[in-house]
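Now for the letters of each chain:
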Amino acid sequence: MALYLQEFRFPDKDAEWRFFTAQRMTCYDSFYPFQVLSDRGLGRLEFAPVTILYGGNGCGKTTALNIMAEKLGLARDAAFNRTAFFPDYLRLCDDGGAAPPEGSRIITSDDVFAWMLDLRALNDGIDRRREEVFAEYADARYAHFQLHSLEDYERLKQVNAARSKTKSRYARSRLMGNARTRSNGESAYLYFTQKITENALYLLDEPENSLAPARQLELAGFLQDAARFFGCQLVIATHSPFLLAMQRAKVYDLDADPPRPRRWTELENVRAYRQFFADHAAEFETD
């Protein structure tokens, strides 16, 4: 199994303090990403072929992924909160000399959402064009047309096509397929299967968003296969118990003080799910 990134070090409070004491200015609107991970005690991560960052909102999962992606020069689609302090912070980080293969990238919820918006815009354009094609069909089918010169040849083909096809077949011949046949969850799952290929490093920020439980299980299986059989290394920030339970994944609990690896069954959110279903076990017995 592939291991393109073995470790990553973030600056501790002392390193951040030395940086700020060397600055001439003392008042800033934002220090981000300084004082986020150091306040949580996150200094070093060691990676497995599948590494998962778990924790509640504000624990620094997304910040850590963005920092690693920028330090490693990974491709990304959507913009993110890259403040003026990012270059200074990145100089204090250490990626252990990692050299991710070409094709490595970070995938965020914003990437998936933007892609689904693009599909929606494409569909809207197709719908508008469909009405134009229907009007074009009626005009061509019932036109009184005679060929007078080669300049009329394209119009002749249009008329013949309209007279030889039904309206729906004529429209299909001029329109590309409509992607709206897929739900948001299906589109999101398709996005991951298209972007994640072979032999690369992928950082995934809460990939379970937009996915129903069954799709999350399907995604977990796809990601496990990508790591086990197709040379991919994955670093995933997630709340999903279905992803947290991935076989042989190394799970960091960023809610712990300091953050440390833990078994997925020990995590607070997972145990909350377990307790909820235990409390309602009798109701399942009546099904």
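The rules behind each value
- Within any chain, residue numbers begin from 1 and follow the written order of that chain's sequence.
- pLDDT decides what is reported in this predicted model: residues at 70 or higher carry local features, side-chain atom pairs at 80 or more are listed and counted, and totals for whole chains, interfaces and linings draw on all residues regardless.
- Derived side-chain values reflect all non-hydrogen atoms in the structure, with water molecules and hydrogen atoms excluded from consideration.
- Elements are defined by DSSP. Helices are runs of H or I of four residues or more, strands are runs of E of two residues or more, and each kind is numbered from the N terminus.
- Only protein chains enter the area calculation, which uses a 1.4 Å probe; residues under 20% of their type maximum are buried, those over 50% are exposed, and those in between are partly exposed.
- Here, two residues are considered to be in contact whenever any of their heavy atoms come within 4.5 Å of each other.
- Accessible surface area values rest on a Shrake-Rupley calculation with a 1.4 Å probe, where residue burial reflects the displayed protein chains alone.
- Patch membership requires over 30% relative accessible area and the absence of a salt bridge. Like charges are linked within 9 Å, and nonpolar side chains (Val, Leu, Ile, Met, Phe, Trp, Tyr) within 5 Å.
- Put simply, a salt bridge is a Lys or Arg side-chain nitrogen that is within 4 Å of an Asp or Glu carboxyl oxygen.
- Should DSSP find at least two bridges between two strands, the strands are taken to pair.
- Within 6.5 Å between ring centres, the rings of Phe, Tyr and Trp (the latter by its six-membered ring) count as paired, and their orientation is classed by plane angle as stacked under 30 degrees, edge-to-face over 60, tilted in between.
- The definition of a polar contact used here is a pair of N or O atoms within 3.5 Å, where within protein one atom must be able to donate a hydrogen and the other to accept one, and adjacent residues in sequence count solely through side-chain atom pairs.
- Along the chain, pLDDT gives the predictor's confidence residue by residue, from 0 to 100.

Enquirer: Could you give an account of the overall build of the protein, naming the residues involved and the relevant values?
Expert: Each helix and strand in the protein was counted, giving 11 helices and 8 strands. For the protein, with 287 residues in total, the buried portion stands at 41%. For the protein, the proportion of contacts with a sequence separation of at least 24, taken over those separated by at least 6, is 75%. Element-wise, carbon and sulfur atoms account for 49% of the exposed surface of the protein, whose accessible area totals about 16,200 Å².

Enquirer: Report on a nonpolar patch on the surface, specifying residues and quantitative values.
Expert: Taken together, the side chains of Tyr273, Phe276, Phe277 and Phe284 define a hydrophobic patch exposed on the protein surface, amounting to about 450 Å² of accessible area. The element contributing the most residues to the nonpolar patch is helix H10 (residues 268-279), with 3 residues. Mapped onto the secondary structure, phenylalanine 276 falls in helix H10.

Enquirer: Give a detailed account of the sheet that holds strand E5 (residues 201-205), specifying residues and quantitative values.
Expert: With respect to topology, 6 strands assemble into an open sheet ordered E4-E5-E6-E3-E7-E8, the strand pairing being mixed. Each having just a single partner strand, strand E4 (105-107) and strand E8 (260-261) make up the two edges of the open sheet. Across 4 bridges, the pairing between strand E3 (residues 50-54) and strand E7 (residues 250-253) is parallel. Across the sheet, residue threonine 51 finds its bridge partner in E7, namely lysine 250.

Enquirer: Tell me about the packing of aromatic side chains, and name the residues and values.
Expert: Tallied over the full model, the rule gives 14 aromatic pairs. A centroid spacing of 4.8 Å and a plane angle of 10° characterise the contact between phenylalanine 19 and phenylalanine 34, whose relative ring orientation is stacked. You can see phenylalanine 19 sitting in helix H1 (residues 13-21) and its partner phenylalanine 34 sitting in the loop between H1 and strand E2 (44-46), a full 15 residues away along the chain. Note on accessibility: phenylalanine 19 and phenylalanine 34 belong to one class, buried. Their ring planes at 90° and their centres at 6.1 Å tell us that tyrosine 191 and phenylalanine 192 sit as a pair that is edge-to-face. Chaining the aromatic ring pairs together yields one cluster made of Phe19, Phe20, Phe31, Phe34, Phe85 and Tyr89.

Enquirer: Outline the environment of tyrosine 4, listing residues and values.
Expert: Relative to the elements of secondary structure, tyrosine 4 occurs in the segment before strand E1 (7-9). With relative accessibility at 23%, the residue tyrosine 4 sits in the partly exposed group. Expressed as a C-alpha distance, the spacing of tyrosine 4 and proline 100, which sit 96 residues apart in the sequence, is 5.6 Å. From its side chain, tyrosine 4 meets the backbone oxygen of glycine 231 in a polar contact 2.6 Å long.

Enquirer: Which residues make up the pairing of E7, and what values go with them?
Expert: Two strands pair when backbone bridges link them, and E7 and E8 are joined in this way by 2 bridges, in the antiparallel orientation. In the strand pairing of E8, aspartate 253 is matched with arginine 260. In sequence, E7 turns back onto E8 through a hairpin of 6 residues.

Enquirer: Mind laying out the pattern of salt bridges, listing which residues take part and the relevant values?
Expert: For the structure on display, the rule yields 16 salt bridges. A salt bridge links arginine 105 to aspartate 77; the nearest nitrogen and oxygen atoms lie 3.5 Å apart. One end of the pair, arginine 105, is in strand E4; the other, aspartate 77, is in the loop between helix H2 (61-72) and helix H3 (86-91), with 28 residues separating them in the sequence. By relative accessible area, arginine 105 is classed as buried at 12%. Members of the salt-bridge network, linked through shared partners, are Glu7, Arg9, Arg44, Glu46 and Lys250.

Enquirer: How would you explain the side chain of arginine 76 if you had to name every residue and give the values?
Expert: Take arginine 76: it is sitting in the loop between H2 and H3. Looking at arginine 76, its side chain comes within polar contact range of the side chain of asparagine 66, at 3.0 Å. When sequence neighbours within four positions are dropped, the list of residues in contact with arginine 76 reads Asn66, Ala69, Glu70, Arg105, Ile106 and Thr108.

Enquirer: Hey, could you go over the confidence of the model for the protein for me, with residue numbers and the actual values?
Expert: Do not read the predicted coordinates in detail wherever pLDDT is low. When pLDDT is averaged across the protein, the result is 83; 73% of the residues are at 70 or more. Taken element by element, the predicted model of the protein shows its lowest mean pLDDT in helix H6 (residues 167-174) (57) and its highest in E1 (98).

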